[in-house]
Each structure stands twice: as structure tokens, then as C-alpha cells.
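Topology and contacts: notes
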Amino acid sequence: MNDKNNKISEILEKYKSSFSKNDLLNLESLLSNDLGSIKRYSLFTDGACEFDDEYKPINAGIGGVIKSDNEILFSFSENIGVKTNNEAEYLALIKGLNLCIDNEIIHINIYSDSELVVKQINGEYKVKNERMGLLFKKTHELLSRFDFWKINHVLRDKNTEADELSKQGLSK
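Calculation notes
Residues numbered from 1 in each chain as written. Predicted model: local features only at pLDDT ≥ 70, side-chain atom pairs only at ≥ 80, totals over all residues. Heavy atoms only, no water. Axes fitted to C-alpha atoms, helices over the stretch in contact; angles between N-to-C directions. Helix = DSSP H or I, 4+ residues; strand = E, 2+ residues; numbered from the N terminus. Parallel < 35°, antiparallel > 145°, perpendicular 65-115°, else oblique. Left-handed = near helix turned anticlockwise from the far one by under 90°. Contact = heavy atoms within 4.5 Å. Nonpolar A, V, L, I, M, F, W, Y, C, P; charged D, E, K, R; others polar. Buried < 20%, exposed > 50% of the residue type's maximum accessible area, 1.4 Å probe, protein only. Phe/Tyr/Trp six-rings, centres within 6.5 Å; stacked < 30°, edge-to-face > 60°. Lys NZ or Arg CZ within 6 Å of the ring centre and 35° of its normal.

Here's the deal with the packing of helix α3 (residues 85-102) against helix α5 (residues 130-143)
- Contact geometry of α3 with α5 gives a least axis separation of 10 Å together with a crossing angle of 20°. The angle between the axes of α3 and α5 places the two elements in the roughly parallel class. The handedness of the crossing between α3 and α5 comes out as left-handed. For the pair formed by α3 and α5, the contact residues are Asn86, Glu87, Tyr90, Leu91, Leu93, Ile94, Leu97, Asn98 and Ile101 on the first element and Arg131, Met132, Leu135, Phe136, Lys138, Thr139, Leu142 and Leu143 on the second.
- Here the contact of α3 with α5 is composed, by residue class, of eleven nonpolar, three polar and three charged.

Notes on the side chain of Ser114
- Structurally, the position occupied by Ser114 is in the loop between β4 (107-112) and α4 (115-121).
- Ignoring sequence-local partners within four residues, the contact set of Ser114 consists of Glu89 and His153.

Section: the environment of Asn22
- You can see Asn22 is positioned in helix α2 (residues 21-31).
- For Asn22, a relative accessible area of 18% gives the class buried.
- In the structure, Asn22 is positioned 122 residues away from Ser144 in sequence and 9.6 Å away in space, judged by C-alpha atoms.
- Apart from residues lying up to four places away in sequence, Asn22 is in contact with Phe148, Trp149 and Lys150.

Here we look at the packing of aromatic side chains
- All chains considered together, the criterion is met by two aromatic pairs.
- Look at Phe44 and Tyr111: their rings are 4.8 Å apart centre to centre, the planes differ by 20°, and that puts the pair in the stacked class. With Phe44 in strand β1 (residues 41-51) and Tyr111 in strand β4, this pair connects stretches of sequence that are 67 residues apart.
- Aromatic side chains Phe51 and Tyr55 sit 4.1 Å apart centroid to centroid with 15° between the ring planes, which places their arrangement in the stacked category.
- What makes Phe51 partly exposed here is its relative accessible area of 30%.
- Here Arg40 stacks its cationic end above the ring of Phe148, 4.2 Å away from the centre of that ring.
- Lying across the ring of Phe44, Lys67 places its NZ or CZ 5.3 Å from the centre.

Distances and angles like these do not, on their own, reveal function.
Here it is in C-alpha cells:
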């Protein structure tokens, strides 16, 4: 098996400029003999927003949980004032990433029910709004501090804990 991994590693080395940094790290970790020793964590984030009768944002909250092996290690819920729903989604992600960094978590699978945020972070959607552009940039600055990260879109029913925490943040 080791010979097979060495051959795969040689091929990866030859073509590594074709892979994204994240994909290369993921492939290398899959090939390493220490795969079992890398502890992976999950970050679930969500933002919530309340609107007035004219559908203008009047209040926003964020929430999230960091898990390991389905056990909640950390959670957060806070009010962030008057923000749009998309800003709240980004600010929840930023808060969660900072919490990971503060606790020396360097391998993270991220889950968000915001398709827009996930697709912008993954480069599938362009960021057109200036305020969102600043949040996008801050998010990528934080992500660059991780050895491995992957962001995934999940449906709201798979993000219930973060959803509940973000709604609790509305009333704080």
C-alpha cells in the first residue's frame, strides 16, 4: 500500500499546480498514514434577520456550534444590530472561524444553509456588493489560517442548532 501511495504522491507532485491549495491538502491528508490522528471538527453557522413592514432589516442575530464526533464543544449566539440576512450569515461564519482559531482548531468542515455565502466562498458566485465584498475578504483571510477547510451547503433542517441560536441572538 505504501508503494501505491508513493506513486500517487509522485503524480500529485507533478500536477500540484493544477490543484487548489485546499484540494491538495485534502488529497495529501487522505494519502498520509496518520489520517486517523487528524481530528476533524464541524462548524455549523446561521444568521437571522427581522424586517419592518417595508421589508427593511431592523435587527439581526447570529449563532453557531462547533462539534467533534457529534458532541458540541462550543456555541455562540449574539445580536449584531441592523444587518441584512446575508451580512448576518457572513458574520456568523466569521465568528465561528474566529472561535475555531482561538481554540487551535485547524481542520474544519463548515456547514451553512446560506447557498449564497457557500457559493461565494467556493468561487461559484461573484461578490457584487461592496459590504459583502469586505465580509468575503475577511472570511478568506481567516480560512487561510486553517490547514484544511471545506464549506458545504445544507438545508435548514440539517442546521437546526445554529438556526435556533441565531434566532435567540435576535432577542439579546
